[in-house]
Amino acid sequence: MEYLVLKYVHVISSTLLFGTGIGSAFYLLATTLSGDVRATAVVSRMVVRADWLFTATTAVLQPVTGLWLVHRMGMPLSTPWLAASLVCYALAIACWLPVVWLQMRLRDLAAQAAEGNTPLPPRYWLLFKWWVALGVPAFFLFLALFWLMIAKPALALGGA
């Protein structure tokens, strides 16, 4: 029973992690590109909240539940799909951590622009480009993680 509960928590938290990430990214991207500064200020504030409530908590839950599952199954960390998953997760989180900082800066800049009834400043657009540049690889890394968790391929490395 413990294994099934643990697996359930792992799957639900991975879904929340990916779903919140892709959903909030879509809304911040769409709102920013709309040019509506007030909407961007509101949405960027909600994106930062969602990241702290959902993404941060599930980003911690994922390795905890994943490693616990691996331990319960007696699976070595050197198992190819598992080792690849750990690398993908580390890289995705390495992209996500600066994104959190960027989102907080974007939120502040959008709020200032909305308060002053001015367009988003050049600094916003520079940080926004970095946000996109880090978000794209994180997205594909999370897609790879889902595939690795589901398919559990042998990942024959180094030859045919």
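The structure displayed is predicted, hence computed values, not measured ones. What you see as residue numbers is a count from 1 along each chain, following the sequence as written. Where local features are concerned, this predicted model is filtered to residues with pLDDT of at least 70; where side-chain atom pairs are given and counted, the filter is 80 or more; whole-chain, interface and lining totals use all residues. Excluding hydrogens and water, the side-chain values take into account all heavy atoms of the structure.

Thoughts on the overall build of the protein chain
Scanning the protein chain for helices and strands turns up four helices and zero strands. Element order for the protein chain, N to C, with α for helix and β for strand: α-α-α-α. Dimensions of the protein chain, computed from the C-alpha atoms along their principal axes, are close to 60 × 40 × 20 Å. Accessible area is worked out with a 1.4 Å probe on protein chains only. A residue is then buried under 20% of its type maximum, exposed over 50%, and partly exposed in between. The buried share of the protein chain, taken over its 160 residues, is 39%. Within the protein chain, contacts between residues separated by at least 24 positions form 79% of all contacts whose residues are at least 6 apart in sequence. Only DSSP runs of H or I covering at least 4 residues are called helices, and only runs of E covering at least 2 are called strands; the numbering of each starts at the N terminus. It only takes one pair of heavy atoms within 4.5 Å for two residues to be counted as in contact.

Things to note about a nonpolar patch on the surface
Residues forming no salt bridge and having over 30% relative accessible area are the ones grouped into patches, like charges within 9 Å of each other and nonpolar side chains (Val, Leu, Ile, Met, Phe, Trp, Tyr) within 5 Å. The accessible surface values rely on the Shrake-Rupley method and a 1.4 Å probe; as for residues, cover is taken only from the protein chains in view. Counted as salt bridges are all cases of a side-chain nitrogen of Lys or Arg within 4 Å of a carboxyl oxygen of Asp or Glu. Taken together, the side chains of Met1, Val5, Tyr8, Val9, Ile12, Leu16, Leu53, Phe54 and Leu61 present a nonpolar region at the surface, about 870 Å² in accessible area. Elements that contribute at least two residues to the nonpolar patch include exactly helix 1 (2-34) and helix 2 (37-73). Sort the elements by how many residues they give to the nonpolar patch and helix 1 lands first, with five residues. Assignment of secondary structure puts phenylalanine 54 in helix 2.

Structural notes on unusual backbone geometry
Even without a glycine there, the phi angle at asparagine 117 is positive, about 55 degrees. Here asparagine 117 shows up in the loop between helix 3 (80-116) and helix 4 (122-151). For lysine 152, which is not glycine, the phi dihedral falls at a positive 45 degrees. Tracing the backbone through its elements, the reader meets lysine 152 in the segment after helix 4.

Considering the packing of helix 3 against helix 4
It is at 8 Å that the axes of helix 3 and helix 4 come closest, and there the two elements cross at 155 degrees. Between helix 3 and helix 4, the angle falls in the class roughly antiparallel. Judged by the sense of rotation from one axis to the other, the crossing of helix 3 with helix 4 is left-handed. When residues are grouped by polarity, Ala, Val, Leu, Ile, Met, Phe, Trp, Tyr, Cys and Pro land in nonpolar, Asp, Glu, Lys and Arg in charged, and all others, Gly among them, in polar. Classifying every residue of the contact of helix 3 with helix 4 by side-chain character gives 28 nonpolar, three polar and two charged. Between N-to-C directions, angles cover 0 to 180 degrees, with each direction set by a line fitted to C-alpha atoms, over the stretch in contact for helices. What sets the label is the angle itself: under 35 degrees gives roughly parallel, over 145 gives roughly antiparallel, 65 to 115 gives roughly perpendicular, and the rest give oblique. Each crossing gets its hand from how the near helix is turned against the far one by less than a right angle, where anticlockwise is left-handed and clockwise is right-handed.

Things to note about the side chain of threonine 55
Its location among the elements puts threonine 55 in helix 2. If near-sequence neighbours (up to four positions away) are discounted, threonine 55 is found in contact with Leu17, Thr20, Gly21, Ala50 and Trp96.

Considering helix 2
Look at helix 2: 51 Å from first C-alpha to last across 37 residues, which is about the 54 Å you get at 1.5 Å a residue. The reported bend at a residue is simply the angle between two axes, fitted to the 7 residues ending at it and to the 7 residues beginning with it. Within helix 2, the axis deviates most sharply at aspartate 51, by approximately 40 degrees. Contacts described as polar in this section are N or O atom pairs within 3.5 Å, which, within protein, must combine one atom able to donate a hydrogen with one able to accept it, while residues neighboring in sequence count only if both atoms come from side chains. Sitting at the amino-terminal end of helix 2 is aspartate 36, which places a side-chain oxygen 3.2 Å from the backbone nitrogen of arginine 38. Expected helix span is given by 1.5 Å per residue-to-residue step, counting one fewer step than there are residues.

Describing the packing of aromatic side chains
Between the rings of Phe, Tyr and Trp (Trp by its six-membered ring), a pair exists once the centres lie within 6.5 Å; its type follows the angle of the planes, with under 30 degrees stacked, over 60 edge-to-face, and the other angles tilted. Using the criterion set out here, one finds nine aromatic pairs in the structure. Three or more aromatic residues joined by ring pairs form one cluster here, namely Phe18, Phe139, Phe140 and Phe146.

Some details on the pattern of salt bridges
The tally for this structure, following the rule as stated, stands at three salt bridges. Among the salt bridges present, the one from glutamate 2 reaches arginine 72, with a minimum N-O distance of 3.6 Å. One end of the pair, glutamate 2, is in helix 1; the other, arginine 72, is in helix 2, and 70 residues separate them in sequence. Overall, the relative accessible area of 38% leaves glutamate 2 in the partly exposed class. Assessed through its relative accessible area of 43%, arginine 72 is described here as partly exposed. Where aspartate 108 meets arginine 105, a salt bridge forms, and the shortest distance between an N and an O atom there is 3.9 Å. Pair noted here: aspartate 108 and arginine 105 are both in helix 3, with a separation of three residues, about one helical turn. Beyond isolated ion pairs, a larger network of salt bridges with shared partners links Arg105, Arg107 and Asp108.

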